[in-house]
Number of protein chains: 2
Amino acid sequence: MSAVTGTIDNGVDTERLFATLDLIKEQPALALFQFRATNRWISGAHNRSTIQGFHGAGAEDTTRTEAFVLDAGEPEVLLGADTGPNPVEYLLHAIAACLTIAIVYSAAARKVQLTKVTSTVVGELDARGAFGLDADVRNGFERIAVSFHVEGDASQAKLREVVERARERSAVYDIVTNGVPVAVDVTTG
Amino acid sequence: MSAVTGTIDNGVDTERLFATLDLIKEQPALALFQFRATNRWISGAHNRSTIQGFHGAGAEDTTRTEAFVLDAGEPEVLLGADTGPNPVEYLLHAIAACLTIAIVYSAAARKVQLTKVTSTVVGELDARGAFGLDADVRNGFERIAVSFHVEGDASQAKLREVVERARERSAVYDIVTNGVPVAVDVTTG
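Throughout this description, residue numbers start from 1 for each chain and increase along the sequence as written. Here every chain gets a letter starting at A, and every ligand a number starting at 1, in the order they are written. Per-residue local features are limited, in this predicted model, to residues with pLDDT of at least 70; the limit for side-chain atom pairs, both in listing and counting, is 80 or more; totals at the level of whole chains, interfaces and linings are taken over all residues. Water and hydrogen atoms were dropped before computing side-chain values, which therefore reflect all heavy atoms in the structure.

Any chance you could explain the packing of helix α2 (residues 87–109) of chain B against helix α4 (residues 171–178) of chain B here in plain terms?
Packed helix pairs are specified by the crossing angle of their axes together with the interaxial distance, meaning the distance between the axes. Residue and element names in this part refer to chain B. Across the interface, α2 lies against α4 with an axial gap of 7 Å and an inter-helix angle of 135 degrees. By the angle class used here, α2 and α4 are oblique. Contacts between α2 and α4 involve Leu91, Ala94, Ile95, Cys98 and Leu99 on the former and, on the latter, Ala171, Val172, Tyr173 and Val176. As a working rule, the residues Ala, Val, Leu, Ile, Met, Phe, Trp, Tyr, Cys and Pro are called nonpolar, Asp, Glu, Lys and Arg charged, and the rest polar, with Gly in that last group. Residues of the contact of α2 with α4, tallied by class, amount to 9 nonpolar, no polar and no charged. Between the N-to-C directions of two axes lies an angle of 0 to 180 degrees, each axis being a line fitted to C-alpha atoms and, for a helix, fitted only over the stretch in contact. Labels follow the DSSP assignment, with helices taken as runs of H or I lasting at least four residues and strands as runs of E lasting at least two, numbered in each case from the N terminus. Between 65 and 115 degrees an angle is taken as roughly perpendicular, under 35 as roughly parallel, over 145 as roughly antiparallel, and anywhere else as oblique. Note on definitions: a residue-residue contact is assigned when non-hydrogen atoms from the two residues lie within 4.5 Å.

Can you walk me through the interface of chain A and chain B in this structure?
Interface extent is often summarised as the accessible area lost during association of the parts. Contacts between chain A and chain B engage 126 residues on the former and 126 residues on the latter. Once two parts are joined, some of their accessible surface, as seen by a 1.4 Å probe, is lost; buried area is that loss totalled over both. For chain A, the biggest contributors to the area lost against chain B are Phe35(A), Trp41(A) and Leu79(A); these three give 7% of the whole. Here, a salt bridge means any side-chain nitrogen of Lys or Arg that lies within 4 Å of a carboxyl oxygen of Asp or Glu. Viewed at the interface, chain B and chain A are joined by 6 salt bridges. By the criterion applied in these results, polar contacts are pairs of N or O atoms within 3.5 Å in which, for protein atoms, one can donate a hydrogen and the other can accept it, and in which residues neighboring in sequence qualify only through two side-chain atoms. Between chain A and chain B we count 66 residue pairs in polar contact (both at pLDDT 80 or more) in total. Sorting elements by how many residues they give to the side of chain A that touches chain B places helix α2 (residues 87–109) of chain A first, with 16 residues. Following DSSP output, two strands are said to pair if at least two bridges run between them. When strand β3 (residues 32–43) of chain A meets strand β8 (residues 114–126) of chain B, the two strands line up antiparallel, connected through 9 bridges.

Looking at this structure, how should I read the pairing of strand β9 (residues 143–152) of chain A?
Along a regular strand, successive side chains alternate from one face of the sheet to the other. The pairing of strand β8 (residues 114–126) of chain A with β9(A) spans 10 bridges and is antiparallel. Each bridged residue has a counterpart across the sheet, and for Glu124(A) the counterpart in β9(A) is Arg143(A). Relative to strand β10 (residues 182–188) of chain B, β9(A) runs parallel, the two being bridged by 7 bridges. Within β10(B), the position partnered with Phe148(A) by the bridge is Val186(B).

Quick question: what am I supposed to make of the relation of the copies chain A and chain B here?
Superposing the copies works by least squares over the C-alpha atoms of residues that have pLDDT at least 70 in both of them. The two copies are related by a screw operation: chain A maps onto chain B through 180 degrees of rotation and 0.0 Å of translation along the axis, at an RMSD of 0.0 Å. In symmetry terms, the pair is related by a two-fold rotation axis. Of the C-alpha atoms belonging to chain A, the one lying closest to the rotation axis is found on Gly179(A), 2.2 Å away. An overlap of 100% is found between the interface residues of chain A and their copies at the interface of chain B, pointing to a shared contact surface.

Here is the structure:
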């Protein structure tokens, strides 16, 4: 990995990327991040998350002046009014987005100029699990398949290496393949 | 669980819910669903997913006339231009949305009228993992905490039971706590 100065590759400021890595090496506490979403039920399957604040790089973020608002729902066949993607579709988007960012950053660090990155993510589930109709069927996806198409100014082998490196470094890929402990707390009013 | 006819509870058509469950019991293949997201890189961390088609209830869905479009990105401190929530924030939203829908459906099936469901989901990670700076640090969240506040016309014990049932039946909670195999395939152009 050679040092790159003052250039922007794939829309990534690689000078800043390497400076960030150096800073974290010196002060590992800067790498601690806390991300958040707050959600409110509207009606039926319709609910809405607001995403704005997060803690990272040693401070609470102040750069986001507006919140991102995400509406979720279920399609008709799953008893909703199609008010947004459903939760498992949001999860597929999270996987695609995370692997894509990891590919782009990884390519930038290697001075590989990308011209195209597209992907399709497919997840399969048996709704008897979530509906509680069969204890032998899990609630979530049984399997997920991600298909990437990547183009750039490097050899096929190099482009494949970039994707492999991204898979090894993606936060959401790690979460979804390895699992994370989730604590659920309830207050009632 | 008593049969409910012709009523809508919490915005959920419970008559249709029970009819759906009966239908799936008779024809389990109707419960097989395939969900999809297609993603395209734009620049830097900015990428966009399109979500529309899915297969379920024995057919390809035709009710969604327009696609949902989701923009992802990274905040400045993670080398993006804040073009959307980042992938791990989308994942937190997916957890909140899925547990909320499971709470609402579960309450409707039990004739519990809800008046409020809000939640905050918090995930903590050490970015040294995803940046490849420490092999002992995982890429994804080390832990996730979900805090629900639920109000309705039932006892505290009953409301807590509804949340517990939702946790047991949520697809995304299952995926994130237990993990799912993810296959990654690459073509280059």
